[in-house]
Amino acid sequence: MIRLDALRAFVVVAESGTLREAADQLGRTQSAISMTLKQLEAELAGSLFETDRKRDLTDLGHYVREVATDILRDHDRGIDLIKRYAKGKSGRLRLVSVPSVAALVLPDLLRSFMKDLEGAEIDLVDTDSAAVRKAIASGRADLGIASPGASMDGIETEFLFSDRLYLVCRADSPLAIENVPIEWGQMQDFPLIMNETLVQLQSQEFQRQANRSRLSVRNILSLLAMVRAGTGITILPGLATVSLDPELVALPLADPACSRSVCLLWRSGRAPSPIAQAMRLHLRNSLPHLAACYGFVTGPETGNRD
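Computed from a prediction, not measured in an experiment: that's the story for all the values here. (Residues numbered from 1 in each chain as written. Predicted model: local features only at pLDDT ≥ 70, side-chain atom pairs only at ≥ 80, totals over all residues. Heavy atoms only, no water.)

**As for the overall build of the protein**
Spelled out, the test is: Strands here mean DSSP runs of E at least two residues long; helices mean DSSP runs of H or I at least four residues long; both are numbered from the N terminus. Only C-alpha atoms enter the radius of gyration; for comparison, a globular chain is expected to reach 2.2 Å times N to the power 0.38, where N is the number of residues. Burial classification: accessible surface area is computed with a 1.4 Å probe over protein chains only, and a residue below 20% of its type maximum counts as buried, one above 50% as exposed, and the rest as partly exposed. Whether two residues are in contact is decided by their heavy atoms: any pair within 4.5 Å suffices. Positive: Lys, Arg. Negative: Asp, Glu. His and the chain ends are not part of the count. A charged residue contributes its charge at one atom only: NZ of Lys, CZ of Arg, CG of Asp or CD of Glu.
A tally of helices and strands in the protein yields 11 helices and nine strands. The C-alpha radius of gyration computed for the protein amounts to 31 Å, which surpasses the reference 19 Å derived for 306 residues by more than 25%, pointing to a less compact arrangement than a globule. Overall, the protein is about 100 × 35 × 30 Å in size when its C-alpha atoms are taken along their principal axes. Buried residues in the protein amount to 45% of all 306 residues. Taking contacts inside the protein between residues at least 6 apart in sequence as the whole, the part at least 24 apart equals 72%. With 35 positive and 38 negative side-chain charges, the protein shows a spacing of 2 Å between the two charge centroids.

**Overview of the environment of L244**
With respect to the secondary-structure elements, L244 resides in the loop between β7 (234-237) and β8 (248-252). In this structure L244 touches V168, L224, V249 and A250, once residues within four positions along its chain are discounted.

**Brief notes about the pattern of salt bridges**
Once their charged atoms are close, side chains differing in charge can pair, the charge on each being opposite to the other. Applied cut-off: What counts as a salt bridge is simple: a side-chain nitrogen of Lys or Arg found within 4 Å of a carboxyl oxygen of Asp or Glu.
A full pass over the atoms with the stated rule returns 12 salt bridges. Residue D163 pairs with R260 through a salt bridge whose shortest N-O separation is 2.9 Å. Here D163 is found in strand β4 (residues 155-170), whereas its partner R260 is found in strand β9 (residues 259-267), with 97 residues between them in sequence.

**A look at the pairing of β4**
For the record, the criterion: Think of it this way: DSSP has to see at least two bridges between two strands before they count as a pair.
Strand direction decides the pairing type here: β4 and β9, joined by nine bridges, are antiparallel. Note that in β9 the partner of T157 across the bridge is L265. Bridge analysis of β4 against β7 gives four bridges, and the strand direction is antiparallel. If you follow L167 over to β7, its bridge partner there is I235.

**Section: helix α10 (residues 220-228)**
Operational definition: Here the arc refers to the set of directions running from the helix axis out to each C-beta atom. The definition of a polar contact used here is a pair of N or O atoms within 3.5 Å, where within protein one atom must be able to donate a hydrogen and the other to accept one, and adjacent residues in sequence count solely through side-chain atom pairs.
For α10, the complete set of buried residues consists of L223, L224 and V227. When α10 is viewed along its axis, its buried side chains cluster within an angular range of 95° and face the same direction. Taken together, the buried residues of α10 touch β4, β5 (193-194), β7 and β8. Capping the start of α10 is the job of one residue whose side-chain oxygen sits 3.0 Å from the backbone nitrogen of L221: N219. In the stretch just after α10, G230 is the one whose phi turns positive, near 85°.

**Some points on the packing of aromatic side chains**
We apply this condition: Side-chain rings of Phe, Tyr and Trp (the six-membered ring for Trp) are treated as a pair once their centres are within 6.5 Å; stacked means planes under 30 degrees apart, edge-to-face means over 60, and tilted covers the remaining angles.
Taken as a whole and judged by the stated rule, the model has three aromatic pairs. On the numbers, 3.8 Å between centres and 20° between planes, the contact of F161 with F296 is stacked. With a gap of 135 residues between them, F161 in strand β4 and F296 in the segment after α11 (274-294) connect regions that are remote in the sequence. Given a relative accessible area of 2%, F161 falls into the buried group.

Structure (structure tokens):
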């Protein structure tokens, strides 16, 4: 059987012209390389060199060098691809995230993550927490960034950060004039537009507000358009209020329990791909910098699960 190391030794000798130079390049002794060449010639039943000086190739030698060069190049490239995949440097990552994280946090995070990734493909979908959890549980996504829910069957989570919830209303609303943290009682005369963030807020005062709500909107662009049109007020995480239109304002809530937890989600019982593992590590290492930029809290998990 012709071994790859024998073909490699032959090609290096053929290119360098001497056993000494080939031995230096390959880190082997001249006698070991000489023995390898003899075994290769015995396997081929023909001479590869015209003389023992290894400078001139026979017709067989020229052909073997041409074919072996292609074989070694393809082999080395294949091994490199395997190693890059195993190290998380290539492959396909299906990522699904809540819109506020997708729009603000992920652009810089993915830019730095992909800096070194040749051949990697990343598919990003932004949607609400419930849809993120469904995508992870069904295996349609590799990693998710969302709030955990009441039912997390088949899903593993790692807490990332928490951020405060804010009341969002028109800038000309009477609520905006107060310029103080908003109490639940102050909101009772204003129609509340429900969204996925609010599904699991447990405050009884909030529940009274929610029970009177007649409108629920899941898409954040549509939700903000409703508030802008004066249809009602809503409550959103701090990240979602960073780039509000001038017509809208975000007001702090007086209730200290009004925050959401954001977690990294993946399917349980399934080994993550190397690129998913690399993304988890990159995200974890980037959290302190991200927290400083966006003001969220990366300490112990607290607050609302939505």
